[in-house]
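This is what each chain is made of:
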Amino acid sequence: MIRTRENIYKWIFTVLAFSSLIFLLGIIVVLFVESIPVFRSTGLFKFLFSRNWYPTNEANPEFGILSMLVGSFVVTIGAMLVAIPLGIGSALYIHELAGDKQKMYLKNIVEVLGAVPSIVFGFFGMVIISPFIQQLLKIPTGQCAFTGAVVLGIMAIPTVCSIAEDALSVVPKAFREASFALGANRWQTLWGVVIPAAGSGISTALMLGISRVVGETMTVLMVTGGAAAIPNSIFSPVRPMTSTIAAEMGEAVVGGQHYHALFAIGFVLFVITLVLNLVAEIISRRYRLKLGLDL
Amino acid sequence: MSDEIRIKVEGVNFFYGLKHALIDVNMNIYKNMVTAMIGPSGCGKSTFIRLINRMNDLVAHTTLKGKVLLDGKNIFDPDVDVVELRRKVGMVFQKPNPFPKSIFENMCYGLQINGITDQKILYEKTETALRKAALWDEVKDRLSDSALRLSGGQQQRLCIARCLVVEPEVILFDEPCASLDPISTRKIEDLIVELKKDYTILVVTHNMQQAARISSKAAFFLLGELIEFGNTEDIFTNPRDKRTEDYVSGRFG
């Protein structure tokens, strides 16, 4: 009796444990299957590298996502230029300079920033940052790649900061002591020992920050302007992949080429974030090995 | 053996917050001698040697009263450069703590922070220090390997070499063999005895046989007090204080 019950529990928890895997596989399969028709009709190369996105042209629809890839790329790079100095900088401050009390408050504040819903960031970007940038730089519209990069960069700070701070704090105290005992000062210890030891952890933080930015939808939809064209400057409106899906899914005919093309964009996005996460995982694994910690 | 006093500890009291960790300690450390600090856990011996290179500065909420004179100069005077002091007073820790870098990089670190970048000098000094630490023959063909791939005993000798490379005058050993096997322990002990020719050495140890084997002077600490200080032989064979006798004869500790 008891044994049967234990077995039942065991099965229930096994199923629960593998549920993520099942969902993941389901998503991959659906994304892939739904993307096939467009890869077949347009061809993978043309899909990725043509800049013509005319999904609703009835006579001759075209599905090239190059401008969206570029849009995502530009916004992501810009966002990381904001998130890296601010995120890593705050991690270094929290780890190295803040006192115990300050550390506690700052860590919590950073985490709260991470908990702000993305729609709120989008709203904030749309009604405050975008008009401000428009007036400041005297450009036709404030809804552009630059604004998107700023807002997304701010959104990515918590991810970058808290993972980087974790990486810094697992660097064994013994390394710091050894460095100080050799006559190094605080900055030499930080640059010469602590940061290199935490280096891969910090790059994991960057990877995950990037993957957060690449996958973000609501905010980019609200602040980047949505022009499906290759931007000629960072102050041009762009339309990253995510906002294309969000904006067009509602009007695409279910089962039509356009519909499949949107799935294919989703598939490309998925591959990009998967690769970023894998890279982050590999780096962090290597880093734990390097520090002689258990995996 | 000289009788020249290198370090003079005068009326030192040390507090961690409210905890009185060292109580009115007075002691002389002689040049080119090994002085051992013995006593049960928590007696203040580690705290004591960490004063001498001011490692305790890194611990928050501590207070110090009294003086530690190195060659007549109080190391806690405001005009003393801690960095300079730590270059003069090197330290080897309880657990081997090589940096997660290559063996060569570990050796160069202390030199590079002093502004030495010439590869030839770096290499020469590395070799000299590794030879002194009796590690050269074991690692000369794999200087670019990660230091963490060495055995525990080798890592500890690397840490000694890393300390020697910056040419200190005093070396503090904080239970250097605590995490090592008997063979590695033996090597480190031989090394310490060898090093005393050129350096003034302080060793904290839990192991009384070790103190007896390597030191000329010994200091017995108990609950933050320096109970007895004298020639190691006297401490072990003819202690003046009852508590020292009880400890060295294994009645407690």
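*Asks:* Account for the pairing of strand 1 (residues 5-16) of chain B, with residues named and values stated.
*Replies:* Residue and element names in this part refer to chain B. Sheet topology places strand 1 next to strand 2 (residues 19-30); eight bridges connect them, and they run antiparallel. In the sheet register, I7 faces strand 2, and the bridge partner there is I29. What sits between strand 1 and strand 2 in their antiparallel hairpin is a turn of two residues, with G17 showing a positive phi close to 60 degrees. Inspection of the sheet shows strand 1 paired to strand 4 (residues 62-70) by eight bridges, in the antiparallel sense. Pairing of K8 across the sheet is with L69, part of strand 4.

*Asks:* Outline unusual backbone geometry, supporting the account with residue identities and numerical values.
*Replies:* A positive phi angle, close to 45 degrees, is found at B:D24, a residue other than glycine. With respect to the helices, strands and loops of the structure, B:D24 is situated in strand 2.

*Asks:* Provide a residue-level description of helix 4 (residues 119-132) of chain B, including the pertinent values.
*Replies:* Each full turn of the α-helix corresponds to 3.6 residues, which orients residues three or four apart in the same direction. All names here are of chain B. Its 14 residues give helix 4 an end-to-end C-alpha distance of 20 Å, which sits within 8% of 20 Å, the value for a rise of 1.5 Å per residue. All of the buried residues in helix 4 are K125, T126, A129 and L130. For helix 4, the angular spread of buried residues about the axis comes to 130 degrees, placing them on one side. Counted as exposed and oriented over 90 degrees from the buried face of helix 4: K120, I121 and E124.

*Asks:* I'd like to hear about the environment of A:S67, residue by residue, with values.
*Replies:* All names here are of chain A. Its place among the elements puts S67 in helix 3 (residues 66-97). For S67, a count of 21 C-beta atoms within 10 Å translates into the label buried. Taking C-alpha positions, S67 is 6.1 Å from A228, a pair spaced 161 residues apart along the chain. Apart from the residues lying within four places of it in its own chain, the contact partners of S67 are R51, W53, A228, A229 and I230.

*Asks:* Give a detailed account of the interface of chain B and chain A, specifying residues and quantitative values.
*Replies:* With 18 residues of chain B in contact, the opposing surface of chain A contributes 17 residues. Elements supplying a minimum of two residues to the side of chain B that touches chain A: helix 2 (82-88), strand 6 (89-92) and helix 3 (103-112) of chain B. Considering every element that reaches the side of chain B that touches chain A, the biggest residue donor is helix 2 of chain B, with three residues. Residue classes in the side of chain B that touches chain A are distributed as eleven nonpolar, four polar and three charged.

*Asks:* Outline the packing of helix 6 (residues 152-164) of chain B against helix 7 (residues 182-195) of chain B, listing residues and values.
*Replies:* All names here are of chain B. Packing of helix 6 against helix 7 leaves a shortest axis separation of 9 Å and a crossing angle of 20 degrees. By the angle between their directions, the pair helix 6 and helix 7 is classed as roughly parallel. Pair helix 6 / helix 7 crosses with right-handed handedness. Across the interface between the two elements, G152, G153, Q156, R157 and I160 of helix 6 pack against S184, K187, I188 and L191 of helix 7. Partitioned by chemical class, the residues of the contact of helix 6 with helix 7 number three nonpolar, four polar and two charged.

Conventions and cut-offs
Residues numbered from 1 in each chain as written. Chains lettered and ligands numbered in written order. Predicted model: local features only at pLDDT ≥ 70, side-chain atom pairs only at ≥ 80, totals over all residues. Pairing = 2+ DSSP bridges. Helix = DSSP H or I, 4+ residues; strand = E, 2+ residues; numbered from the N terminus. Expected span 1.5 Å × (residues − 1). Buried ≥ 20, exposed ≤ 12 C-beta atoms within 10 Å, placed from the backbone. Arc of directions from axis to C-beta. Contact = placed C-beta atoms within 7 Å. Nonpolar A, V, L, I, M, F, W, Y, C, P; charged D, E, K, R; others polar. Axes fitted to C-alpha atoms, helices over the stretch in contact; angles between N-to-C directions. Parallel < 35°, antiparallel > 145°, perpendicular 65-115°, else oblique. Left-handed = near helix turned anticlockwise from the far one by under 90°.

Remember, this is a structural readout, not a statement about activity or role.
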